[in-house]
Amino acid sequence: MNTIESRVVGAIDEQSLVTDLVRMIRVPSVTGTDAESELQHWHAGELSALGFDVDTWKLDLAGLAAHPDHPGTEAPRTEGYGVAATLGPSGVPALVLQGHVDVVPTGDLDKWDDRDPWSGTIRHGAVHGRGACDMKAGVVANLAVARALVAAGVTLEKPFGVHTVVSEEDGGLGAFATMLRGHRAEAAVLTEPTSGNIVVANAGAFTFELRVPGRAAHGSTRLAGHSAIDAFLPVHAAIAALERERNTDPDPVFDGNPLPYPISIGTLRAGDWASSVPDLLVAEGRLGVRLGEPPEQARAALENAVAEACGRDPWLRDHPVAVSWPGGQFASGRIDPAHPLVSEVAGAIRSAEGREVATTAAPYGSDLRLYSGLGGIPTLHYGPGDVRFAHAPREQVDVDELIRTTRTLAVLAVRRCAAHL
């Protein structure tokens, strides 16, 4: 690192970095709750105090829902706020660091230590709690870089930006609103957990619903009815076959991932009485979308597989399954592997962390496709945390990794924004 880079890295307040993470975890900002707004206003205040030019706005939920490119949502919502902050000269930021403040629900509290997913406990060198990994560690890293640039007293030749968004977990409404608001950048890094790698592409994920009809009857005369559960079995088998087909010869960027495009059934509901034959099964799941695959093509693949399964089954032939697409609709996204941002992030890692890094792709959707697609911004992921801890009751992030990654992001900011004394 050169003198300016070392100066900014040295200005990172590591204690505040960890304290901010603990504070954020203790705000239960589940997607769609008012706690999202609490964190958005807090970030706006912190960035304003640093001297950033901050745009904070209330999302027009009705207007966004009416937009033809609306990304879908799953959680009920009464409000949401956007925050986009810029430091330095006027113009388009040379670099934006972005993160989402919302987290997924906690699940069974008995699976958490002390039945408290919001503790922010520091144990064995890691911060624990819902959102520690996905992705409040990345959000506080972005804020720490902003603070370090100011504390180091450097001048930026090109502007630097920080975005915080809501609703990433259920479709990306916050990022969608930020792009429609007109905020842009020469390049963006989403500080999602990447397990030490640079993520240059995301598969997509579309939420689907299947409604499988049956015929009700008393359980003692079940032959007079037709169980919707039994009717679902050939459909489930067809979905498994489709998954195998769609994961044949995936893009090499997935680097040996055995299942880059999963199709998963997440919920099943059937029947309303133990001694009745169920007349309806509702299954909800997610369809993995291949890199570069048009959304309509991905949806058609599932719809056709279900229709063909119905056509082969005597019951479903006359009582076909209804397929719909509620909830989040994450298209795939990627950055051109030759874009300078990829090598710049790798170079910053080399300088700040002293290691080489691999590029890879993630099998899940993110805001990347909105920044790169709708916004036209070259975007990748690099952030603290092991994604295997995301959404899990053992969610945590290693403190040393959080500090290392923050240093790398600071070096990247200095270089892209041409910081000097």
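Conventions adopted
Residues numbered from 1 in each chain as written. Predicted model: local features only at pLDDT ≥ 70, side-chain atom pairs only at ≥ 80, totals over all residues. Heavy atoms only, no water. Pairing = 2+ DSSP bridges. Helix = DSSP H or I, 4+ residues; strand = E, 2+ residues; numbered from the N terminus. Contact = heavy atoms within 4.5 Å. Axes fitted to C-alpha atoms, helices over the stretch in contact; angles between N-to-C directions. Salt bridge = Lys/Arg side-chain N within 4 Å of Asp/Glu carboxyl O. Buried < 20%, exposed > 50% of the residue type's maximum accessible area, 1.4 Å probe, protein only. Parallel < 35°, antiparallel > 145°, perpendicular 65-115°, else oblique. Left-handed = near helix turned anticlockwise from the far one by under 90°. Core = buried A, V, L, I, M, F, W, Y, C linked by side-chain atoms within 4.5 Å. Phe/Tyr/Trp six-rings, centres within 6.5 Å; stacked < 30°, edge-to-face > 60°. Lys NZ or Arg CZ within 6 Å of the ring centre and 35° of its normal.

**A word on the sheet that holds strand β5 (residues 126-128)**
In space, the three strands of this open sheet follow the order β4-β5-β18, with antiparallel pairing throughout. Each edge of the sheet is formed by a strand with only one pairing partner; in this case those strands are β4 (122-123) and β18 (396-398). Bridge analysis of β5 against β18 gives three bridges, and the strand direction is antiparallel. Note on β18: the bridge partner recorded for H128 is Q396. The strands touched by helix α2 (residues 14-25) are β4, β5 and β18; relative to β5, the strand with the most contacts, the crossing angle is about 15°. Of the strands in this sheet, β5 and β18 are in contact with helix α12 (residues 399-416), which crosses β18 at around 65°.

**Describing the pattern of salt bridges**
Under the defined criterion, the tally for this structure stands at 20 salt bridges. Linking E395 and R130 is a salt bridge whose minimum nitrogen-to-oxygen distance equals 2.6 Å. With a gap of 265 residues between them, E395 in the loop between β17 (379-381) and β18 and R130 in the loop between β5 and α5 (132-151) connect regions that are remote in the sequence. Neither residue differs from the other here; E395 and R130 are each classed as buried. Residues E293 and R246 are paired through a salt bridge, measuring 2.7 Å at the closest nitrogen-oxygen approach. Residue E293 is located in the loop between β12 (280-289) and α8 (295-312), and its partner R246 is located in helix α7 (residues 228-246); the two are separated by 47 residues in the primary sequence. Accessibility assignment for this pair places E293 and R246 in one class, buried. In this structure, a network of salt bridges that share partners links the residues D20, E46 and R147.

**Quick notes on the packing of helix α10 (residues 340-353) against α12**
It is at 8 Å that the axes of α10 and α12 come closest, and there the two elements cross at 125°. Regarding the angle of α10 to α12, the classification is oblique. For α10 against α12, the interelement crossing comes out right-handed. For the pair formed by α10 and α12, the contact residues are L341, E344, V345, G347, A348, I349, S351, A352 and E353 on the first element and R404, T405, R407, T408, V411, L412, R415 and R416 on the second.

**Quick word on the environment of G365**
By secondary structure assignment, the location of G365 is in the loop between β16 (359-362) and α11 (368-374). Each residue touching G365, except ones within four places of it in the same chain, is listed here: E168, A203 and F330.

**What about the nonpolar core?**
Residues L47, F52, L149, F160, V189, V345 and L380 are the most contacted members of the largest nonpolar core, which totals 92 residues. It is α5 that provides the largest number of residues to this core, a total of 12 residues. When neighbours within four sequence positions are excluded, L149 is seen to be in contact with V8, L87, V154, L156, F160, A413 and V414. Counting 24 residues, the second largest nonpolar core, distinct from the first, contains A228, V289, A305 and C310.

**Focus on the side chain of T406**
Topologically, T406 is positioned in helix α12. A residue is classified by how much of its surface remains accessible, and T406, at 0% relative accessible area, is buried. Ignoring anything within four residues of it in the chain, the contact list for T406 reads I12, L17, A141, A144 and V145.

**A look at unusual backbone geometry**
Residue D134 is joined to M135 through a cis peptide bond whose omega torsion reads -15°. Considering the arrangement of structural elements, one finds M135 in helix α5. Positive phi, normally seen in glycine, also occurs at D114, with a value near 60°. For D114, the location among the structural elements is in the loop between β3 (95-100) and β4. Despite not being glycine, S195 has its phi angle at roughly 55°, a positive value. Within the secondary structure layout, S195 lies in the loop between β8 (188-190) and β9 (198-202). Take S195: its relative accessible area is 35%, and that puts it in the partly exposed class.

**Re the packing of aromatic side chains**
Tallied over the full model, the rule gives four aromatic pairs. Each ring, one from F52 and one from F160, has its centre 6.2 Å from the other, and the planes form 70°; the classification is edge-to-face. Here F52, found in the loop between α3 (34-49) and β1 (53-58), pairs with F160, found in strand β7 (residues 160-165); they are 108 residues apart in sequence, far enough to count as distant. On the basis of an interplanar angle of 70° and a centroid distance of 6.1 Å, the ring pair of F208 and W325 is categorised as edge-to-face. Placement of F208 in strand β10 (residues 204-213) and of W325 in the loop between β13 (322-324) and β14 (329-330) is noted, with a sequence separation of 117 residues between them. Under the relative-accessibility criterion, F208 is labelled buried at 0%. Each member of the aromatic cluster is reached from another via a ring pair, and the members are F206, F208 and W325. Just above the ring of F206 sits the side chain of R299; from NZ or CZ to the centre is 4.4 Å. Positioned above the aromatic ring of W325 is the side chain of R299, whose terminal nitrogen or guanidinium carbon lies 5.9 Å from the ring centre.

The values are spatial; any link to function lies outside them.
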